[in-house]
Structures are given as C-alpha cells and as structure tokens.
Amino acid sequence: MKLKVQVISQQPPGGRCSLYTGYADVLARHFAVTPDVVFSAMRDAHGEGFPSLWLNGVAIAPEDCFLVTPADITAALAAQGVAAETMAGLTEALQAPLDAMLKQAG
C-alpha cells in the first residue's frame, strides 16, 4: 500500500500545525512518500480544516480529543492494515517532533 500523508495547516503554521507537519516529515521518510501540506483559513481541528493530519484520506482523531500523538498515528496505520513490522521504529521517530514541541512550549 502506498501511504498518502496530508497536513491541513494554517499559514503561518502554529503549534499543532507545526507538530503535524513534523509528523508528516517523519512519515514521509519512513514510508518514502511525499507529504502534501494544504494551507487553509478554516479552523476544524482533526477535520476538514486546520490543524489536522490525514493518512490515506482519513483524518486522525486524537484519543485525548486535543493532540495527535505517535500512538494515535500508529493505531490509525494499523487500522488501515499497515503491518507492525513495517512500522518498526516509527513510534520512536514520531516522538521527536512531539518532544520538540513540548520543550518549546514548556
């Protein structure tokens, strides 16, 4: 399966938009794909507007209803049939953008 990664972001990107773009970059490197970043003026977290991260046309809904985490991403990939061995090392790589955002915020 060829993974399609899309981020819907405000311009300029803020905290979650930047985080989701960071996740998209990690996913792009891991799966050798090119992410698509769409800039939108519509705020619709985890939906049709910003901030949202989409995998294969499906917006990722965060478990905590606020912030997409590496676990949310790997769960979404697994639900779409991506094999666990294909995701080896992905959770750790996705943690880096989250850690950077949290460090900047704190």
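Residues numbered from 1 in each chain as written. Predicted model: local features only at pLDDT ≥ 70, side-chain atom pairs only at ≥ 80, totals over all residues. Heavy atoms only, no water.

Draft legend 1. Summary view of the packing of helix 1 (residues 15–31) against helix 3 (residues 90–105). Two numbers describe how helix 1 lies on helix 3: the axes approach to 9 Å, and their chain directions differ by 155°. Taken together, the axes of helix 1 and helix 3 lie roughly antiparallel to each other. Judged by the sense of rotation from one axis to the other, the crossing of helix 1 with helix 3 is right-handed. Residues G15, L19, G22, Y23, V26, L27, H30 and F31 of helix 1 touch helix 3, and the partners they reach there are L90, A93, L94, P97, L98 and M101. Grouping the amino acids of the contact of helix 1 with helix 3 by side-chain chemistry returns 11 nonpolar, three polar and no charged. (Axes fitted to C-alpha atoms, helices over the stretch in contact; angles between N-to-C directions. Helix = DSSP H or I, 4+ residues; strand = E, 2+ residues; numbered from the N terminus. Parallel < 35°, antiparallel > 145°, perpendicular 65-115°, else oblique. Left-handed = near helix turned anticlockwise from the far one by under 90°. Contact = heavy atoms within 4.5 Å. Nonpolar A, V, L, I, M, F, W, Y, C, P; charged D, E, K, R; others polar.)

Draft legend 2. Examining helix 3 more closely. Spanning 16 residues, helix 3 covers 24 Å between terminal C-alpha atoms, matching the ideal 22 Å at 1.5 Å per step. Each element contacted by the buried residues of helix 3 is listed here: helix 1 and helix 2 (70–79). (Expected span 1.5 Å × (residues − 1).)

Draft legend 3. How the structure looks around the sheet that holds strand 2 (residues 36–39). With mixed pairing, the four strands of this open sheet are ordered in space as 2-1-3-4. The sheet is open, and its two borders are formed by strand 2 and strand 4 (58–59), each paired with just one other strand. Across four bridges, strand 1 (residues 5–9) lies against strand 3 (residues 52–55) in antiparallel orientation. The partner of Q6 across the bridge, within strand 3, is W54. (Pairing = 2+ DSSP bridges.)

Draft legend 4. Seen up close, the packing of aromatic side chains. As enumerated under the stated definition, the model contains one aromatic pair in all. Ring geometry for Y20 versus Y23: centroids 6.1 Å apart, planes at 15°, classification stacked. Taken together, the residues span about one helical turn, with Y20 and Y23 both in helix 1 at a distance of three residues. Taking relative accessible area as the criterion, Y20 reaches 0% and is therefore assigned buried. (Phe/Tyr/Trp six-rings, centres within 6.5 Å; stacked < 30°, edge-to-face > 60°. Buried < 20%, exposed > 50% of the residue type's maximum accessible area, 1.4 Å probe, protein only.)

Draft legend 5. Seen up close, the packing of helix 1 against helix 2. Contact geometry for helix 1 and helix 2: axes closest at 12 Å, N-to-C directions at 45°. In this view, helix 1 runs oblique relative to helix 2, as classed from their interaxial angle. Once helix 1 is placed against helix 2, the crossing between them reads as right-handed. Listed contacts from helix 2 to Y23, L27 and F31 of helix 1 are P70, I73 and L77. Classifying every residue of the contact of helix 1 with helix 2 gives six nonpolar, no polar and no charged.

Draft legend 6. Molecular detail of the side chain of D72. Topologically, D72 is positioned in helix 2. One buried charged side chain, D72, makes no salt bridge at all; its nearest oppositely charged neighbour is R16, positioned 10 Å away. Looking at D72, its side chain comes within polar contact range of the main-chain nitrogen of T69, at 2.9 Å. Apart from residues no more than four positions distant in its own chain, D72 is found in contact with I60, A61, P62, E63 and L67. (Lys, Arg positive; Asp, Glu negative; His and termini not counted. Salt bridge = Lys/Arg side-chain N within 4 Å of Asp/Glu carboxyl O. Polar contact = N/O pair within 3.5 Å; in protein donor to acceptor, adjacent residues only side chain to side chain.)

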